[in-house]
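An overview of the molecular structure
Here is how the chains run, residue by residue.
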Amino acid sequence: MSRQLDEAHEHLERLGVKDIEEYPEIVSGAGDTDTREVYNQLLDAVETGRFDLVVVHEISRISRLGPTEIHEFIQHCLEHDTGVEALDVGLKIHVDDGELQQTIYSMVARLMGDLAQIEHQQKLQRIRSGVRAAQSAGKWTGRPPAGFVVEDGYLRVDPAEFLHVREALTRVDRGESFATVGSSHRVSG
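All values derive from a computational prediction rather than experimental measurement. (Residues numbered from 1 in each chain as written. Predicted model: local features only at pLDDT ≥ 70, side-chain atom pairs only at ≥ 80, totals over all residues. Heavy atoms only, no water.)

To continue, consider the nonpolar core. In this structure, Val-54, Ile-59, Phe-73 and Ile-74 are the most contacted members of the largest nonpolar core, which totals 21 residues. Of all the elements in the fold, those that place two or more residues in this core are α2 (33–47), β1 (53–56), α4 (69–79), β2 (83–86), β3 (91–93) and α5 (99–136). In contact with Phe-73, not counting residues within four places along its chain, are Tyr-39, Leu-42, Leu-43, Val-54, Ile-62 and Val-84. (Core = buried A, V, L, I, M, F, W, Y, C linked by side-chain atoms within 4.5 Å. Buried < 20%, exposed > 50% of the residue type's maximum accessible area, 1.4 Å probe, protein only. Helix = DSSP H or I, 4+ residues; strand = E, 2+ residues; numbered from the N terminus. Contact = heavy atoms within 4.5 Å.)

Structure (structure tokens):
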């Protein structure tokens, strides 16, 4: 995400924009619970008229919120005298564009967003398929547990780290707190 923010900042600096506010989207593969809150904060900020321009790194960030969200977002921005730019596809919709041009760009944005959403779903499917294939082959997927490493796809004991974890567990078993043991053994509690 920092690369995306850096590229957005560089773009805004080239445009001569000095006052920049960020609304970073924090989304894991498991869900998008934070997305709507941050998105709603952005919509509220646009509504106040504080912004001349909203720059998104990837148009897919808006399209993941629903099939009509791109169009509604662009309309909301334009109604509040705010332009929209998507860096990944070079889309630029500004308040001073003609109405027909704004409409065409909005249609293009929606199409590009739909395509980005399809590509995102296909990517997730390829990842899931690869994980299933690795698991079927008996390979370890995911982060290894403390005291182990993954070598050539298989879980192996890391002797030094394993002994380190075993010592920490022994200390906890003797009654020391998880926090005390965790801080001295680099093992999360």
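Now that the structure is up, let's keep going.
What follows concerns the packing of aromatic side chains. What the rule picks out here adds up to 3 aromatic pairs. Centre to centre, the rings of Tyr-39 and Phe-73 are 5.8 Å apart; their planes meet at 40°, and the pair counts as tilted. Here Tyr-39 is found in helix α2, whereas its partner Phe-73 is found in helix α4, with 34 residues between them in sequence. Aromatic side chains Phe-148 and Phe-162 sit 6.1 Å apart centroid to centroid with 80° between the ring planes, which places their arrangement in the edge-to-face category. (Phe/Tyr/Trp six-rings, centres within 6.5 Å; stacked < 30°, edge-to-face > 60°.)

Our focus in this paragraph is the side chain of Thr-82. By the secondary structure assignment, Thr-82 is in the loop between α4 and β2. Residue classification places Thr-82 among the buried residues on the basis of a relative accessible area of 0%. A distance of 2.9 Å separates the side chain of Thr-82 from the backbone oxygen of Phe-51, its partner in a polar contact. Excluding residues that lie within four positions of it along the chain, Thr-82 makes contacts with Val-46, Phe-51, Asp-52, Leu-53, Val-54, Cys-77 and Val-95. (Polar contact = N/O pair within 3.5 Å; in protein donor to acceptor, adjacent residues only side chain to side chain.)

Here we come to the environment of Leu-15. Along the polypeptide, Leu-15 turns up in the loop between α1 (2–14) and α2. Not counting the four nearest positions on each side in its chain, Leu-15 is found in contact with Leu-53 and Glu-85.

What follows deals with helix α6 (residues 159–173). Taking 1.5 Å as the rise per residue, α6 with 15 residues should run 21 Å; its terminal C-alpha atoms sit 21 Å apart, in good agreement. Along α6, the positions that sit buried rather than exposed are His-164, Val-165, Ala-168 and Arg-171. Buried residues of α6 fall within an arc of 120° about the axis and therefore sit on the same side. Turned more than 90 degrees from where α6 packs its buried face, Pro-159, Leu-169 and Asp-173 sit exposed. Looking one or two places after α6, you find Gly-175, whose phi comes out positive at around 110°. (Expected span 1.5 Å × (residues − 1). Arc of directions from axis to C-beta.)

Overall, the predicted model of the chain reaches an average pLDDT of 83, with 89% of residues at or above 70. Per-residue pLDDT, averaged within each element of the chain, yields its smallest value for helix α3 (residues 60–63) (72) and its largest for β1 (91). (pLDDT = per-residue confidence, 0-100.)

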